[in-house]
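# Reading the structure
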Amino acid sequence: MSTTTIPAAGTARADGRSMVEIRELHKSYGDLHVLQGLSLDVAEGEVVCLIGASGSGKSTLLRCINRLETWDAGSIAVNGDLIGYRSSERGGVPVLKELKAREVRKQRAEIGMVFQHFNLFPHLTVMENLVEAPVNVAGVPRREAVATAEQLLAMVGLAEKAKSYPRHLSGGQQQRVAIARALAMKPRLMLFDEPTSALDPELVKEVLHAMKQLAETGMTMVVVTHEMTFAREVAGRVAFVDGGQIVEVGPPEQVLDNPTHPRAQAFLSRLV
Amino acid sequence: MSVSTTEANPPPLEALRHPGRWVAGAAAILLAFVVLESILGNSRLQWDVVGEYLFDEGIMKGLRLTIILTFAVTAVGMLLGTLIATARMSKNPVLAWLAWFYVWVFRSVPLLVQLLLWFNIAYLYPKIEIGLPFLPPLIEGDANKLISATTAAFLGLTLHEAAYAAEIVRGGILSVDPGQTEAGDALGMSRARILRRIVLPQAMRSIVPAAGNLLIGTLKGTAIVSVIAVDELLYAAQFIYNRTFEVVPLLVVATLWYMFMTAVLSVLQYFVERYYGRGATRSTTASPWAQAKAVFLRARGVFTTPTGGKA
């Protein structure tokens, strides 16, 4: 059974294959219903920015995509493969069976993630941070992994920092290393969880620049952000998340400048 | 009076003097000298006897067993402790509960009581068989023969140490930012690899000082096993003074060796801490020599950078 048979929410863009298909996602923490039947499609090569108030569920949604969070109902598929589950049936009724940890790890290895607080490994040098997973998870020969890492560091403008420890770098440099670390696994999809929220204002620009560069290479990206300028310049679409649902989604100029949903109007008017 | 900004060089800065510190320092040195003089100068300590027995064959044999016991107990205890700590934090409630129970039991029973129990294990289990259920035993024999005094000491000390090591390792693991595990997860790393490669090396920063304490505690804890007639350092000293009645000089011999070994372990701990501290601070830490020099120079009003170079 392919996920495409599950009724689509009709949010996919007309052009391009779907890279991410999120269907009727529900999640609760105790009494708190964080995700309330949320659906979203992201096309291959598309950049989607998730915006919304804190506590709206946008970070939880992002963390579900690589199964850092579990959910209670619904499904997520990346590049056609269900995340965290496989289709099966019990007594003639289709069910989704949870995957083993080993299979989930394989799926995660193909999805890059960048965190708000970078989460670089402080006891490893920049180079060691970049080659750890390619060598030990993907099984890439060390020499090859080092060559790729050097290319990626050059791409984010930090070629000379390979031997530094993360704490010797500025926040902006650390976040660019984190982006390079995620890219070292050659992911098909990149997730960004408020990548500039922990940075001093003057350091935000260099990180956004690296992300913009990445978007121009055709990488599919889902970005939780409060950077409206970035969303306007780089995003194909902007999705406004509120109360665990996507209440408004569309091109940035439409969602950011002429929002129709009252909550989106209220949120955006407070930003300006 | 205002300082003119047109002047090329502002006047030099003069640091505040601390005469009180010099007085307190001098008083402390004097006090230390008086105490040392009264001990070292006490002829009843019989330093010649101390010298005579310091490298005595029996003492050397005892010292060797003390060192072997300390390292065997620490190695096995830390390993067992790490396993118990991971069990305690596992998602399996049965494992977590059992680990908690283990720590509770072995922290509640006094070491001395535990040693006596192991020494008298034959009372509970006259015959010991080790093996899988329903299969012939791998090891079997008389408990009194299988569990010698040294084995009883090793078992008691190790099980005791493991309970404390488990808490130290658990504390160390909890001190590492959960974001580190998340980053490893997001890269597709296995839980075991995340623990070994990412979390434990960072946890070591808080584990090492506590484990160093535990190691030195174990070193001196081995003295307790003299009560079950294990021929370690203290027992060796007792063995001699029971014959010669030179009680205090032989206790001094044992003490000097304990102090020497603690000094060696402290130096070792310093270097291990330095190793696990790499990448943890913005500047590398200065060596103790450079730090002492900086303190001395600062007292004389010369300022140095934290790494030891002159500012």
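Since we're looking at a predicted model, the values are computed, not measured. (Residues numbered from 1 in each chain as written. Chains lettered and ligands numbered in written order. Predicted model: local features only at pLDDT ≥ 70, side-chain atom pairs only at ≥ 80, totals over all residues. Heavy atoms only, no water.)

The subject of this paragraph is the overall build of chain A. The helix and strand tally for chain A stands at 9 helices and 12 strands. Against the globule reference of 19 Å for 272 residues, chain A gives a C-alpha radius of gyration of 19 Å, in line with a compact fold. In chain A, buried positions account for 55% of the 272 residues. Excluding contacts between residues fewer than 6 apart, the proportion of contacts in chain A whose partners are at least 24 apart in sequence is 63%. (Helix = DSSP H or I, 4+ residues; strand = E, 2+ residues; numbered from the N terminus. Rg over C-alpha atoms; globule rule 2.2 N^0.38 Å. Buried < 20%, exposed > 50% of the residue type's maximum accessible area, 1.4 Å probe, protein only. Contact = heavy atoms within 4.5 Å.)

Listed as interface residues are 23 residues of chain B and, on the opposing side, 25 residues of chain A. Roughly 2,200 Å² is buried in total at the junction of chain B and chain A, and carbon and sulfur atoms are behind 54% of that figure. Between Arg-193 of chain B and Glu-132 of chain A there is a salt bridge, with its nearest N and O atoms 2.8 Å apart. For the interface between chain B and chain A, the tally reads 6 residue pairs in polar contact (both at pLDDT 80 or more). For the side of chain B that touches chain A, the secondary structure elements donating two or more residues are α9 (178–186) and α10 (191–221) of chain B. (Buried area = accessible area lost by both parts, 1.4 Å probe. Salt bridge = Lys/Arg side-chain N within 4 Å of Asp/Glu carboxyl O. Polar contact = N/O pair within 3.5 Å; in protein donor to acceptor, adjacent residues only side chain to side chain.)

Let's shift gears to the pattern of salt bridges. Across all of its chains, the model carries 17 salt bridges over all chains by this definition. For Arg-176 of chain A, the salt bridge goes to Glu-206 of chain A, with nearest N and O atoms at 2.9 Å. Residue Arg-176 of chain A is located in helix α5 (residues 171–183), and its partner Glu-206 of chain A is located in helix α6 (residues 201–216); the two are separated by 30 residues in the primary sequence. Relative accessible area serves as the criterion here: at 24%, Glu-206 of chain A is assigned to the partly exposed category. A single salt-bridge network, built from bridges that share partners, covers Lys-27, Arg-63 and Glu-69 of chain A together with Glu-182 of chain B.

It is worth spelling out the UniProt feature "domain: ABC transmembrane type-1" (unreviewed entry) in chain B at this point. Listed under "domain: ABC transmembrane type-1" (unreviewed entry) in the UniProt record, and renumbered for this structure, are residues 63–269 of chain B. Helix makes up 77% of residues 63–269 of chain B and strand 4%. Its end C-alpha atoms lie 21 Å apart. (UniProt positions renumbered as here; feature names shortened; annotations may be inferred.)

Before going further, it helps to examine a positive patch on the surface. Side chains of Arg-86, Arg-90, Lys-97, Lys-100 and Arg-102 of chain A sit close together on the surface and give a patch of like positive charge. Inspection of the secondary structure puts Arg-102 of chain A in helix α2 (residues 101–109). (Patch = residues over 30% accessible without salt bridge, like charges linked within 9 Å, V, L, I, M, F, W, Y side chains within 5 Å. Areas by Shrake-Rupley, 256 points an atom, 1.4 Å probe, with all protein chains shown as cover. Lys, Arg positive; Asp, Glu negative; His and termini not counted. Charge placed at Lys NZ, Arg CZ, Asp CG, Glu CD.)

Residues and elements named next belong to chain A. Structurally, the position occupied by Thr-225 is in the loop between β10 (220–224) and α7 (228–234). Here Glu-227 takes part through its backbone nitrogen, which lies 2.9 Å from a polar atom of the side chain of Thr-225. Other than its neighbours up to four places away in sequence, Thr-225 contacts Cys-49, Leu-50 and Ile-51.

Turning next to the sheet that holds strand β4 (residues 73–78) of chain A. Residue and element names in this part refer to chain A. Strand order in the open sheet made by the 4 strands is β2-β1-β4-β5, with antiparallel pairing throughout. Looking at which strands have only one partner, the edges of the open sheet turn out to be β2 (32–43) and β5 (81–82). Where β4 meets β5, 2 bridges bridge the pair, whose relative direction is antiparallel. Residue pairing for β5: Ala-77 is matched across the bridge by Leu-82. Along the sheet, helix α1 (residues 58–65) makes contact with β1 (18–29), β2 and β4, crossing β1 at roughly 120 degrees. (Pairing = 2+ DSSP bridges. Axes fitted to C-alpha atoms, helices over the stretch in contact; angles between N-to-C directions.)

Take unusual backbone geometry next. All names here are of chain A. Despite not being glycine, Glu-24 has its phi angle at roughly 45 degrees, a positive value. By the secondary structure assignment, Glu-24 is in strand β1. For Glu-24, a relative accessible area of 48% corresponds to the partly exposed category. With a phi close to 65 degrees, Arg-67 is a non-glycine residue in the positive phi region. With respect to the helices and strands, the residue Arg-67 is situated in the loop between α1 and β4. Classification of Arg-67 by relative accessible area gives buried; the value is 5%.

An ideal rise of 1.5 Å per residue puts 46 Å on 32 residues; helix α3 (residues 57–88) of chain B measures up with 45 Å between its terminal C-alpha atoms. At the N-terminal end of α3 of chain B, a side-chain oxygen is found 2.8 Å from the backbone nitrogen of Gly-58 of chain B, two or three residues along, and the residue is Asp-56 of chain B. (Expected span 1.5 Å × (residues − 1).)

Moving on to the UniProt feature "transmembrane region" (unreviewed entry) in chain B. All names here are of chain B. Within this numbering scheme, the UniProt entry marks residues 20–41, 62–85, 97–119, 206–230 and 250–272 as carrying the feature "transmembrane region" (unreviewed entry). Regarding residues 97–119, the helix share stands at 91% and the strand share at 0%, and the terminal C-alpha atoms are separated by 29 Å. Annotated as 100% helix and 0% strand, the span residues 250–272 places its first and last C-alpha atoms 33 Å apart.

Here we take up the sheet that holds strand β9 (residues 189–193) of chain A. Across a sheet, paired strands are connected by hydrogen bonds in the backbone, their directions being either parallel or antiparallel. All names here are of chain A. Pairing in this open sheet of 6 strands is mixed, and the strands run β8-β9-β10-β3-β11-β12 from one edge to the other. Strands with a single pairing partner mark the edges of an open sheet, and in this sheet they are β8 (111–114) and β12 (245–250). Put simply, the sheet's adjacent strands are angled 20 degrees from each other on average, direction ignored. As paired elements, strand β11 (residues 237–242) and β12 share 5 bridges and run antiparallel to each other. Each residue of the ladder has a partner; that of Ala-239, found in β12, is Val-249. Packing of α6 onto the sheet brings it into contact with β3 (47–51), β9 and β10, and relative to β10 it is tilted by some 150 degrees.

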